[in-house]
Amino acid sequence: MTARIIDGNALSAKLRGELAAQAAELTVQGEQPCLAVILVGSDPASAVYVRNKVAGCEKAGIKSLKFEYGADAEPAEVLAKIAELNADAGVHGILVQLPLPKHFDEKAVLEAISVEKDVDGFHAENVGRLSQGQEAFVPCTPNGVMEMFKSEGISLRGAEAVVIGRSNIVGKPMAMLLTAAGATVTVCHSATRDLNFHTRRADILVAAIGKPKFVTGDMVKPGAVVIDVGINRLPDGKLCGDVDFESAKDVAGAITPVPGGVGPMTITMLLANTVESARRALRRKG
Ligand code: GUN
């Protein structure tokens, strides 16, 4: 059996077309969606992500503002910029690219962003709201995975879902969203004793570990849906995921590729959150 490939590029293109139409409509109504992106330091991967986010905005008719700081920037300087953007009615989303340099208190920076403009969904209040099923900005990568389930017609209610990874950005919110959708969720991590026991019984397997080709075909239940959140660069410069695609695709029922799977969905959901924030701002004025 060869798995069906879940095409994140195609789904992204469709959703971004819809978002561009919504952004144009908001612009006509005097509320052009606007995202402010803050990049601190010189991490090459972060620079690429930020470039892609800004380009994604431009293509969808969303205004973007980019603020760059050196690796030795004073945290107070960045916090002052966040305060300025919080107070700017023309800005609907504020994103601080992670990771931050070591001398920054990441939590304090994320908490400084206004809850209404936290389009990354990383503020503790948004995380709490999500956990209680209240309206919240949902972190972009797990939200993008949920959109993939929806468009593929994958039923989550009663499914055994296993998430490998417990990060605040992916693993934890992914587990919350799957639980809310009615799946029975197991979160595995570096201290999990028998990882294969868990992965082999997963109808839905989400890999968010950060280790290239970590999940191999023998760890996958036949027919399972395998979602690969990893983006790793191999020594030859090629990108690969956390799943060994070649062996897993012969066992899984459906699988996301890398590149062209979850990656483009992350930015699409960021654009969606920014458009939604502008819509809420317009409603508040109304
Ligand atoms: N670093 C890795 N992923 C993300 C993300 O989704 N948002 C931000 N702000 N930083 C990240």
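Trainee: Could you give me a rundown of the nonpolar core, with the residues and numbers involved?
Mentor: If you look at the biggest cluster of nonpolar residues, it comprises 50 residues, and the most contacted ones within it are Phe 149, Met 174, Leu 178, Ile 204, Val 206, Val 225 and Ile 227. If you tally residues by element for this core, the top one is helix H10 (residues 262-285), at eight residues. Residues within four places of Phe 149 in sequence aside, it is in contact with Ile 154, Leu 156, Met 174, Leu 178, Ile 204, Val 225 and Ile 227. Membership of the second largest hydrophobic core comes to 20 residues, among which are Ala 36, Leu 98, Leu 100 and Phe 122.

Trainee: A description of the pattern of salt bridges should follow, citing residues and the corresponding values.
Mentor: Inspection of the entire model under this criterion finds 13 salt bridges. Here Lys 66 and Glu 68 are joined by a salt bridge, their closest N and O atoms 3.7 Å apart. Residue classification places Lys 66 among the partly exposed residues on the basis of a relative accessible area of 39%. Given a relative accessible area of 56%, Glu 68 falls into the exposed group.

Trainee: Explain helix H1 (residues 8-28) residue by residue, including any values.
Mentor: If you check H1, its first and last C-alpha atoms are 30 Å apart, about what 21 residues at 1.5 Å a residue would give, namely 30 Å. Within the span of H1, buried status applies to Gly 8, Leu 11, Ser 12, Leu 15, Leu 19, Ala 23 and Leu 26. The buried residues of H1 occupy an angular sector of 100 degrees when the element is viewed end-on, so they sit on one face. Facing away from the buried side of H1, by more than 90 degrees, are the exposed residues Ala 13, Lys 14, Ala 21 and Val 28. In this structure, the buried residues of H1 make contact with helix H6 (140-152) and H10. With a side-chain oxygen lying 3.0 Å from the backbone nitrogen of Asn 9, the N-terminal cap of H1 falls on Asp 7.

Trainee: Could you give an account of the sheet that holds strand S2 (residues 34-40), with specific residues and numbers?
Mentor: Strand order in the open sheet formed by three strands is S3-S2-S4, with parallel pairing between adjacent strands. The open sheet has two edge strands, strand S3 (63-69) and strand S4 (93-96), and neither has a second partner. Taking the axes of each pair of neighbouring strands and ignoring which way they run, one obtains an average angle of 15 degrees across the sheet. In terms of strand pairing, S2 meets S4 through four bridges, oriented parallel. Among the inter-strand pairings, Leu 35 is bridged to a residue of S4, identified as Gly 93. Those strands touched by helix H3 (residues 75-87) are S2, S3 and S4, and its axis lies near 180 degrees from that of S2.

Rules used in this analysis
Once a new chain begins, its residue numbering starts again from 1 and follows that chain's sequence as written. Reporting in this predicted model follows two pLDDT cut-offs: at least 70 for local features of residues, and 80 or more for side-chain atom pairs to be given and counted; totals over whole chains, interfaces and linings ignore these cut-offs and use all residues. In computing side-chain values, all of the structure's heavy atoms are included and hydrogens and water are not. The nonpolar core is taken to be a set of buried Ala, Val, Leu, Ile, Met, Phe, Trp, Tyr and Cys residues, with the residues joined through side-chain atoms within 4.5 Å. Whether a residue is buried, partly exposed or exposed follows from its accessible area with a 1.4 Å probe, protein chains only, as a fraction of its type maximum: under 20%, in between, or over 50%, in that order. For helices the rule is a DSSP run of H or I covering at least 4 residues; for strands it is a run of E covering at least 2, with both sets numbered from the N terminus onward. Residue contacts are defined here by distance: any two heavy atoms, one from each residue, within 4.5 Å place the two residues in contact. Whenever Lys or Arg places a side-chain nitrogen within 4 Å of a carboxyl oxygen from Asp or Glu, that contact is recorded as a salt bridge. The span one expects for a helix is its residue count, reduced by one, times 1.5 Å. Think of the arc as the fan of directions from the helix axis to the C-beta atoms. Whenever two N or O atoms come within 3.5 Å, that pair is a polar contact, provided that in protein one can donate a hydrogen and the other can accept it, and provided that, for residues adjacent in sequence, both atoms are side-chain atoms. Should DSSP find at least two bridges between two strands, the strands are taken to pair. To define axes, lines are fitted to C-alpha atoms, for helices over the stretch in contact only, and angles between the resulting N-to-C directions are given on a 0 to 180 degree scale.

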